[in-house]
Amino acid sequence: MARTLLVCFVLISLECIWCKSSIRRFPDGFQFGASTAAYQVEGGWSEDGKGLSIWDVATHMQPSPIKDGSSGDIAANSYHLYKRDVEIAKELGLDFYRFSVSWTRILPNGLTNKINKLGIAYYNGLIDELLRNNIKPFLTIYHWDLPYELQKLGGWVNPLVTEWFVDYAKVLFDNFGDRVQLWVTINEPKQICYEGYGDVSKAPFINATGIGEYICAKNVLLAHAKVYHLYNDHYRQLQNGSIGISISCTWFDPASDTFDDQQGARDARRFDWGIYAHPIFSKDGDFPIEVKRNIAYKSAEQGYSKSRLPVLSNSEITFIRGSSDFFGVNTYTSKLAYRDASLDEMYPAPSYSDDIGVVITKDPSWPQGQSNWLQEVPWGFYKLLMEIKDLYENPLVFITENGWSTAGGLLDDDRVRYYRNYLTALLDALNQGCNVKGYTAWSLIDNFEWKQGYTEKFGLYQVDFTSPDLTRRPRKSAYIYKEIIRSKQLDLNFEPALEEVYESPDV
Ligand code: NOJ
């Protein structure tokens with residue numbers, strides 16, 4: 001007995017030393033990448049036959065809704081400099097590069113009556129350049145730049161959007177599927193639906209809170225599932241790829257131990273990402289019970305004859321359930337949630353915030369990024385991965401985005417700290433059996449950060465937006481990430497010997 005106890009003690013101690021050791025290894029086959037999105041990097045907004053997207057229109061509105069009055073007209077000019085981007089991906093040693101396709105570069109008015117050959121040629125060039133350099137292309141079909149012509153018809157709240165999206169995806173499978181084997185259908189449904197249709201933080205700024213985001217949610221889920229089934233039924237056998245969805249997931253922690261706050265934080269998570277993840281990844285499908293319950297209850301109280309949350313029919317539930325080869329997790333931060341009895345006066349009704357029924361706050365002691373919403377909370381990342389494992393029977397997960405914003409400069413020690421702490425949390429989750437197969441840094445290079453314009457920098461590489469050739473230069477974090485990828489391990493003491501980084505003036 002004593003001997004068994006001693007052996008256990010030694011084993012546990014060894015494991016602790018291993019956990020806390022400054023060098024930890026990623027499992028064999030674990031993949032590393034970096035990500036961008038078309039509108040944020042490409043520029044070439046009206047070149048070679050490209051049509052207008054909702055972001056082209058938004059950034060040309062007067063007065064400008066963008067913080068610094070800027071646009072993605074030129075952005076990082078990747079439309080012309082994509083070979084340099086691939087060179088950067090190569091310098092970093094990436095296994096894959098996640099980029100998105102601009103719908104209106106391929107279909108200028110959103111529908112398939114006109115296919116733009118020059119748009120197809122651009123992405124063929126990018127894909128082929130990646131493959132020549134042994135980097136897998138990871139293609140996001142939709143990253144927020146809806147054709148303006150389709151927005152005029154209602155965009156994501158018109159149920160026909162599911163057909164428009166399928167027609168567009170088919171063009172991509174037909175033209176690129178022979179070489180692309182990693183696909184994301186839709187990037188961040190919550191940002192599309194809540195921020196675009198329930199609020200004004202993203203185009204098309206519809207602000208129909210309490211209604212718009214839920215109609216959109218149903219359409220996004222059906223559009224995703226239709227494209228998944230299209231790939232599954234008609235392309236998978238020949239093209240042999242994987243297709244999933246990227247959902248933005250914030251961890252909401254209870255602000256206190258009370259039962260109320262725990263329930264509140266759980267409801268916040270279900271509204272934030274469960275509303276999109278549950279229908280696809282849970283065993284029973286459908287929207288989460290907490291979301292259905294809260295919205296039905298409030299809707300009745302507000303005099304609606306039925307819930308503002310559209311119903312998913314049994315056949316829709318079955319169609320959506322399981323429609324993903326992997327769970328793409330975009331995650332950056334955590335927040336605190338608590339219940340408050342005086343909530344009724346706090347939020348307008350109906351509204352998404354009122355439906356959740358919690359107050360969301362930040363802990364001021366958590367390190368703050370340049371983006372107002374972004375704080376470093378690595379243990380929240382760990383809890384998130386564990387909850388995804390528990391809720392959805394340990395699905396295959398790809399971290400499709402994770403990263404940190406600064407005001408600029410090459411010496412980005414806070415970004416280095418963020419990546420190290422988040423990767424440590426990821427390793428802890430892997431140790432607990434989470435089935436995470438890849439990690440994607442956001443972003444490869446600085447880019448247009450939506451309504452924040454160029455005031456928040458997420459790049460591993462800095463882009464000098466004032467130089468005519470949009471010069472790209474590696475930040476300290478780029479050298480750190482490169483070493484992680486090369487060694488397949490996280491060495492917390494690794495310091496790059498880089499005179500040029502230290503001597504560079506901060507731009
Ligand atoms: C997630 C989005 O997918 C991306 O477009 C954005 O730039 C980053 N978050 C940072 O906010």
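Procedures and definitions
Residues numbered from 1 in each chain as written. Predicted model: local features only at pLDDT ≥ 70, side-chain atom pairs only at ≥ 80, totals over all residues. Heavy atoms only, no water. Helix = DSSP H or I, 4+ residues; strand = E, 2+ residues; numbered from the N terminus. Buried < 20%, exposed > 50% of the residue type's maximum accessible area, 1.4 Å probe, protein only. Contact = heavy atoms within 4.5 Å. Areas by Shrake-Rupley, 256 points an atom, 1.4 Å probe, with all protein chains shown as cover. Lys, Arg positive; Asp, Glu negative; His and termini not counted. Charge placed at Lys NZ, Arg CZ, Asp CG, Glu CD. Patch = residues over 30% accessible without salt bridge, like charges linked within 9 Å, V, L, I, M, F, W, Y side chains within 5 Å. Salt bridge = Lys/Arg side-chain N within 4 Å of Asp/Glu carboxyl O. Disulfide = S-S within 2.5 Å. Pairing = 2+ DSSP bridges. Axes fitted to C-alpha atoms, helices over the stretch in contact; angles between N-to-C directions. Polar contact = N/O pair within 3.5 Å; in protein donor to acceptor, adjacent residues only side chain to side chain. Phe/Tyr/Trp six-rings, centres within 6.5 Å; stacked < 30°, edge-to-face > 60°. Lys NZ or Arg CZ within 6 Å of the ring centre and 35° of its normal. Expected span 1.5 Å × (residues − 1).

A.B. asks: Before we go on, may I ask you to explain the overall build of the protein in this structure?
C.D. replies: When helices and strands are tallied, the protein shows 19 helices and 15 strands. Dimensions along the principal axes, computed over C-alpha positions, put the protein at roughly 70 × 55 × 50 Å. The proportion of buried residues among the 507 residues of the protein is 59%. Sequence-distant contacts in the protein: of pairs separated by 6 or more residues, those separated by 24 or more amount to 76%. As displayed, the protein offers around 20200 Å² of accessible surface, 54% of which is attributable to carbon and sulfur atoms. Across the protein, the mean location of the 51 positive side-chain charges is 4 Å away from that of the 64 negative side-chain charges.

A.B. asks: Explain a nonpolar patch on the surface to me, please; I cannot follow it from the model alone.
C.D. replies: Residues I211, I215 and Y304 make up a contiguous nonpolar surface patch of roughly 210 Å² in combined accessible area. With respect to the helices and strands, I211 occurs in the loop between α9 (189-198) and α10 (212-239).

A.B. asks: Hey, could you run me through the state of the cysteines in this one?
C.D. replies: By definition, a disulfide links the sulfur atoms of two cysteines through a covalent bond. As enumerated under the stated definition, the model contains 1 disulfide in all. Each sulfur of the disulfide joining C193 and C216 lies 2.1 Å from the other. Its S-S torsion of approximately -70° makes the covalent link between C193 and C216 left-handed. With C193 in helix α9 and C216 in helix α10, this pair connects stretches of sequence that are 23 residues apart. A residue is classified by how much of its surface remains accessible, and C216, at 0% relative accessible area, is buried. For the unlinked cysteine C434, the closest cysteine sulfur is that of C249, found at 13 Å. The exposure class of C434 is buried, given its relative accessible area of 7%.

A.B. asks: Looking at this model, I keep getting lost on the sheet that holds strand β9 (residues 334-338). Mind explaining?
C.D. replies: Strand pairing in a sheet relies on backbone hydrogen bonds. The paired strands run either parallel or antiparallel. Reading across the sheet, the 3 strands line up as β7-β9-β10 and stay open at both edges, with mixed pairing between neighbours. Only two strands of the sheet have a single partner each, and these edge strands are β7 (251-254) and β10 (359-361). Here the strands of the sheet are splayed against their neighbours by 40° on average, with no regard to which way each runs. Looking at chain direction, β7 and β9 are connected through 4 bridges and run parallel.

A.B. asks: Would you explain the side chain of R415 in this entry?
C.D. replies: Looking at the element boundaries, R415 is found in helix α17 (residues 413-431). Among the polar contacts listed, one links the side chain of R415 to the backbone oxygen of K457, at a separation of 2.6 Å. The residues contacting R415, other than those within four sequence positions of it, are W404, S405, T406, K457, F458, G459, R475 and S477.

A.B. asks: Would you mind going over the packing of aromatic side chains with me for this structure?
C.D. replies: Each pair of aromatic rings is reported with the distance of its centres and the angle of its planes. A full pass over the atoms with the stated rule returns 51 aromatic pairs. With centroids separated by 6.5 Å and ring planes inclined at 65°, the aromatic side chains of F32 and Y439 adopt a geometry described as edge-to-face. Taken as a pair, F32 in strand β2 (residues 31-35) and Y439 in strand β12 (residues 436-442) lie far apart in primary sequence, 407 residues in all. We classify Y439 as buried; its relative accessible area is 0%. Judged by centre distance (6.5 Å) and plane angle (80°), the rings of Y419 and Y439 are edge-to-face. Remark: Y439 occurs in strand β12 and Y419 occurs in helix α17; sequence separation between them is 20 residues. Following the ring pairs from residue to residue traces out a cluster consisting of F26, F30, F32, F381, W404, Y418, Y419, Y422, Y439 and Y481. In this arrangement the basic side chain of R105 is found over the ring face of Y79, its NZ or CZ atom lying 4.1 Å from the centre. The ring of W251 is capped by R269, whose NZ or CZ atom sits 4.1 Å from the centre of that ring.

A.B. asks: How should the pairing of strand β11 (residues 397-401) be read in this particular structure?
C.D. replies: With 5 of 5 residues buried, β11 is to be regarded as a mostly interior element. Bridge count for strand β8 (residues 327-330) against β11 is 4 bridges, and the pairing is parallel. Note on β11: the bridge partner recorded for F327 is V397. Of the pairings in the sheet, the one linking β11 to β12 comprises 3 bridges and is parallel in character. Across the sheet, V397 pairs through a bridge with V436, a residue of β12.

A.B. asks: Looking at this structure, how should I read helix α18 (residues 476-487)?
C.D. replies: Along an α-helix, a turn takes 3.6 residues, which lines up residues three or four apart on a common side. The end-to-end C-alpha distance of α18 is 17 Å, a good match for the 16 Å that 12 residues give at a rise of 1.5 Å each. Here α18 lies mainly inside the structure; 10 of its 12 residues are buried. All of the buried residues along α18 are K476, S477, A478, Y479, I480, Y481, E483, I484, I485 and S487.

A.B. asks: Quick question: what am I supposed to make of the sheet that holds β12 here?
C.D. replies: Judged by pairing direction, the barrel is parallel, and its 8 strands sit side by side in the order β2-β3-β4-β5-β6-β8-β11-β12 before closing back on the first. Pairwise comparison of adjacent strand axes, ignoring direction, gives a mean angle of 25° for this sheet. Packed onto the sheet, helix α16 (residues 378-391) meets β8, β11 and β12 and runs at close to 140° relative to β11.

A.B. asks: Would you explain the side chain of Q40 in this entry?
C.D. replies: Relative to the helices and strands, Q40 resides in helix α2 (residues 38-41). Only 3.3 Å separates the side chain of Q40 from the side chain of N447, close enough to count as a polar contact. In this structure Q40 touches A75, A76, H143, W442, N447, F448, E449 and W450, once residues within four positions along its chain are discounted.

A.B. asks: What exactly am I supposed to notice about the pairing of strand β3 (residues 96-100) here?
C.D. replies: Every other side chain in a regular strand lies on the same face of the sheet, so the side chains alternate between the two faces. Most of β3 sits inside the fold, with 5 of its 5 residues counted as buried. In β3, alternate side chains face the same way, and those of F96, R98 and S100 on one face and Y97 and F99 on the other are all buried.

A.B. asks: How do you make sense of unusual backbone geometry when you look at a structure like this?
C.D. replies: Where the residue is not glycine, phi is negative for most of them; where a peptide bond is considered, it is trans in most cases. Cis geometry is adopted by the peptide bond preceding P350, which originates at A349 and carries an omega value of 0°. On the secondary structure map, P350 appears in the loop between α14 (343-346) and α15 (352-356). Following W442, the chain continues into S443 via a peptide bond in cis, with omega recorded as 15°. On the secondary structure map, S443 appears in the loop between β12 and β13 (461-463). Not every positive phi belongs to a glycine, and N77 is a case in point at roughly 55°. Along the chain, the position of N77 falls in the loop between α3 (54-59) and α4 (78-92). Judged by relative accessible area, which is 15%, N77 ranks as buried. A positive phi angle, near 65°, is found at N134, a position not held by glycine.

Distances and angles like these do not, on their own, reveal function.
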